[in-house]
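A look at the structure
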Amino acid sequence: MSRLSVWWRRLVLLLRRDRATAELEAEIRLHRELRAATLRKDGASPADAGFASARLLGNAGSLVERSRDAWGFAAVDDLRQDIRLAWRRLRQRAGYTGAVVITLALGIGATTAMFSALDAAMLRPLPFPHPERLGVLTAVRTPFRPTPRTLDRMLDITDAADLGGVFSHVAAYASGGLNLDDRDHPLHIKVGLATVDFFHTVGVIPQVGRGFATEDGLPSSARVVVLSWSLWQREYGGRQMLGQSIVMNHQSYAVVGVMPRGFAFPDQSDAWVPMSIPISAATFEASHTALITTVIARVSDSVTVERASVLLRLRWEQALLAQPKGTHQPSMLSRYLDDVHRLGAFVPLQATLGANRVTAVKLLFAMTALLLVIACANVTNLMLGQATMRAREIGVRQMLGARRGRLIRQLLTESVILSLGGALLGIALAPIAVGFLRQLLPPELLSVSPVRIDARVLAFATALALVTGVGAGWWPAVRTSVDTTHANLGGNRSATARRSGALRRLLVGVEIALTTLLLVGAGLLLHSFQNVARTDRGLRTAHVITAHLAYPRWEDNPRGRLVKMRAIADRLEAIPGIAAVGFANDLAFVDRGILMNFIIVDSVPGTLQPAEGSHWMMVSGGYFPALGIPIIQGRTFTMADDSAAPPVAIVDRSTARKYFPNGDALGHLISLGGNDPPATIVGVAADVLDEEPGRDSRIPQLYFPLAATPPASVSLVARGALTDRQLQSAVLTAVRSVDRTQPVYDIRMMQDVVHDSGAPRRTNMELMTLFAVLALALAAFGTYAVISQAAAQRQREFGIRAALGAQRGDLILLASHELAWVVAVGITVGLGVSWMAARAAATMLYHVAPHDLPTFAAVLAVLVTVALVATLAPAIRAARANPADVIRTE
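Residues numbered from 1 in each chain as written. Predicted model: local features only at pLDDT ≥ 70, side-chain atom pairs only at ≥ 80, totals over all residues. Heavy atoms only, no water.

In total, this model carries 13 salt bridges according to the counting rule given. The network of salt bridges with common partners includes Asp 119, Arg 124, Arg 452, Asp 454 and Arg 456. (Salt bridge = Lys/Arg side-chain N within 4 Å of Asp/Glu carboxyl O.)

All right, on to the pairing of strand S5 (residues 224-227) then. Going residue by residue along S5, you find Val 224 and Val 226 tucked away on one face and Val 225 and Leu 227 tucked away on the opposite face as well. In this structure, S5 lies alongside strand S7 (residues 251-258), joined through 4 bridges in parallel fashion. Bridged to Leu 227 within S7 is Val 258. With 2 bridges joining them, S5 and strand S8 (residues 271-274) adopt antiparallel strand pairing. By the bridge assignment for S8, Val 226 is matched with Trp 272. (Buried < 20%, exposed > 50% of the residue type's maximum accessible area, 1.4 Å probe, protein only. Helix = DSSP H or I, 4+ residues; strand = E, 2+ residues; numbered from the N terminus. Pairing = 2+ DSSP bridges.)

Here the focus is the packing of aromatic side chains. Summed over the entire model, instances satisfying the criterion amount to 18 aromatic pairs. The interplanar angle of 10° and the centroid separation of 6.2 Å between the aromatic rings of Phe 198 and Phe 265 together place this pair among those described as stacked. Highlighted residues: Phe 198 in helix H8 (residues 198-202) and Phe 265 in the loop between S7 and S8, separated in sequence by 67 residues. Given the relative accessible area of 1%, Phe 265 is considered buried. What links up through ring pairs into an aromatic cluster is the set Phe 128, Tyr 173, Phe 198, Phe 199, Phe 212, Phe 263, Phe 265 and Trp 272. (Phe/Tyr/Trp six-rings, centres within 6.5 Å; stacked < 30°, edge-to-face > 60°.)

You can see Val 773 is positioned in helix H25 (residues 759-793). The class for Val 773 is partly exposed, based on a relative accessible area of 49%. Along the sequence, Val 773 and Thr 515 sit 258 residues apart, while their C-alpha atoms lie 8.7 Å from each other.

Moving on: the side chain of Thr 541. Among the structural elements, Thr 541 can be located in the loop between helix H19 (494-534) and strand S11 (544-550). For Thr 541, a relative accessible area of 18% puts it in the buried group. Beyond its immediate stretch of four places on either side in the chain, Thr 541 contacts Met 750, Gln 751 and Val 754. (Contact = heavy atoms within 4.5 Å.)

Our focus in this paragraph is the nonpolar core. Nonpolar side chains in soluble globular proteins tend to end up buried together. One finds Met 114, Phe 128, Phe 198, Phe 263, Phe 265 and Leu 349 to be the most contacted residues of the largest nonpolar core, which totals 86 residues. By residue number, the principal contributor to this core is H25, which donates 12 residues. Once you skip the residues sitting within four places of it in the chain, Phe 263 turns out to touch Phe 128, Phe 198, Phe 199, Val 202, Val 204, Ser 228 and Trp 272. If you look at the next biggest cluster of nonpolar residues, it comprises 46 residues, including Leu 178, Val 295, Val 299 and Ala 345. (Core = buried A, V, L, I, M, F, W, Y, C linked by side-chain atoms within 4.5 Å.)

What follows concerns helix H9 (residues 229-236). Restricting attention to buried positions, one finds in H9 the residues Trp 229, Leu 231, Trp 232 and Tyr 236. Once H9 finishes, Gly 237 follows within two positions and takes phi at roughly 65°, a positive value.

Here we come to a nonpolar patch on the surface. The grouping of Trp 821, Val 825, Val 829, Val 833, Trp 835, Met 836 and Leu 853 at the surface amounts to a nonpolar patch, some 720 Å² of accessible area in total. Here Trp 821 lies in helix H27 (residues 808-837). Using a relative accessible area of 51% as the deciding quantity, one classes Trp 821 as exposed. (Patch = residues over 30% accessible without salt bridge, like charges linked within 9 Å, V, L, I, M, F, W, Y side chains within 5 Å. Areas by Shrake-Rupley, 256 points an atom, 1.4 Å probe, with all protein chains shown as cover.)

Geometric values such as these leave the question of function open.
Set out below in structure tokens:
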């Protein structure tokens, strides 16, 4: 019989075990009866025949047991017996069971929740076919029409596509938005702009209809759109849409397809429209300002990712060598080449989507792992304490013949059951943290890899529970199962207590050291967050509402957009309580405008100062009072600063002090390059600080009048002494009274905007603080438990000492001194490790040194205070015991 047949037969017998056992017992009875009948025919009496038959066949129960062992039931029966016995014992010790389950739930639940974030950011494959072959091409651009002369020699998407056999598909994509026209329900939707090969590149094709055809990428082709499943269901009820037209930004788009459910790449797009190569003016219709594209490629099956990266880097080097000498282009291309060498020419797509948050997620996951280790140390301590109490039971079982291996297995079964119970409770609590953890990851990653509790996370939690159960219970099981028959039956537990005492003290020291590490990390992040909160960002966000308006770029001329914005501002300013209304192409502090080089035109004719990177914004005159940004020198913008007036600009105070004598920038000329005439500086505004971690935001800030070139997308800001709901209603009413078809989206109070902009930093701080507080509680509980049990074991000694005249203070010191040095060593080691590891969190800190002495001092004070309470409380209780009662009990 083959091995497979044997296993199949055993499985069948296992599923029909009761029936098979009954049939076996019936067969044994039949053999006994037949044998007895034969003996009776030979002349034996019925009693003698029955006795002889039983003696010849042997013990029936033993036969059944041996047969069941041959069927493979022994291991199953032993496991079932172990589980039943463990469950009964755990139910009898409800307090101990609850303490262990809750302790493990904290560690396993926190680790599982953080693993879901780590899985989404790094481990879970993107939901595309063969995602390991997808990557972003570094410094490869999408050509524009007309192509700027300085970019003629840069590598673009066509160069990558020409690398025959290297890439099977190459595409470009960007994020944008369009207005879905509806007079009764105007809506602004997110739109993905993509070249015609985009869907084939990512490997996802529409579920209904088709994707983009080659002719859809031609500037002269008819407008088409592919809808997302959610938009199709939400706005159109899932009805037939192929061949139907929808109107966006006053333009008709033919629906050619609907993507599968859940596909929203990039940036949670509601629809996709074709992007032409070179990018034409029509492509910009969905773009707010500059069209920032990403070039994505899929490596051919015959080419490795590493070889594709090498070939693309060689193409860059050839492009640099081909440049004529004496031009400024080689230096520009060499900077791009440096980026290629530093980042790689072909970067995996998943690595680019969450690159700026991966470090924080890794660090937080490491912190949860430390919390789990502390929880395991606590559970091991509790189990070692139980070992002393169970010494007599184990001794009796050993005397009755129980093997050490069977005892260890029984004790480990209890540990695993406790761990699984903690895992179930932790998994039940984990979904609560999932919504909180989403703030850790960028939206572009969440659109393809959301944080969720799925089968992968559940499998991780189950494996973690098993490892935790065995890891925490192994040593207590081994120590408990040592042959202590004679000592334990005599009622002497001191030997077992001495054996476990040293290990329990070591575990407390480890808990204290790891807790110190978590507290230092949480303290540094808390100090950093306090610095951010106390920083004067140069904005006054109270009673300020923001909203976004997107106008059709090409159908509505700039003058028409400006007229609408002025009409909206007039209606809002006419409402009692609204003090100021302004517009900007971006929100300060949140978007910070576009980074571009600017040039200061010197007073000496024909000389220029070197170009400098800057943030620049287009704003109206009401923007500054609406956000409480003072104009320190000069004036703000007026309605006269339009396209017909001479160009003007406003700079921030830091720029004025850095680039102009005595900070007097008024009257000087600045230029953003190109053929545009330089702008005269007419005002100096107060600084608006950036929220980027670890830097002072000294990047120059330039402001230009929005009336000169009204953008297609603007942010409205309004300040007023009204309630939040009243401000929101006023904005909606004002916009609808000017144009009822104009969508108003992302309406929020400025305080919420600023609050949400710091969500990743705040989440890091809150999670670290939570983990540190839990670790501190577990360490305090572990210290308290060890001293309480040690004091309980020495009650007789304390009673005798008290009867002989020992003072209560002496007894307190005697009860606590054994663990006091362990706590001191743990704190010292923890502070030392924290000092060495603090630099790992440097990128997450804001104006806080990794070796911040006040933070370390505060952590030391907290630890000493908690350790004193956890150490002295049980010692004082033990010292207060009545000597007569203690001796009488013993």
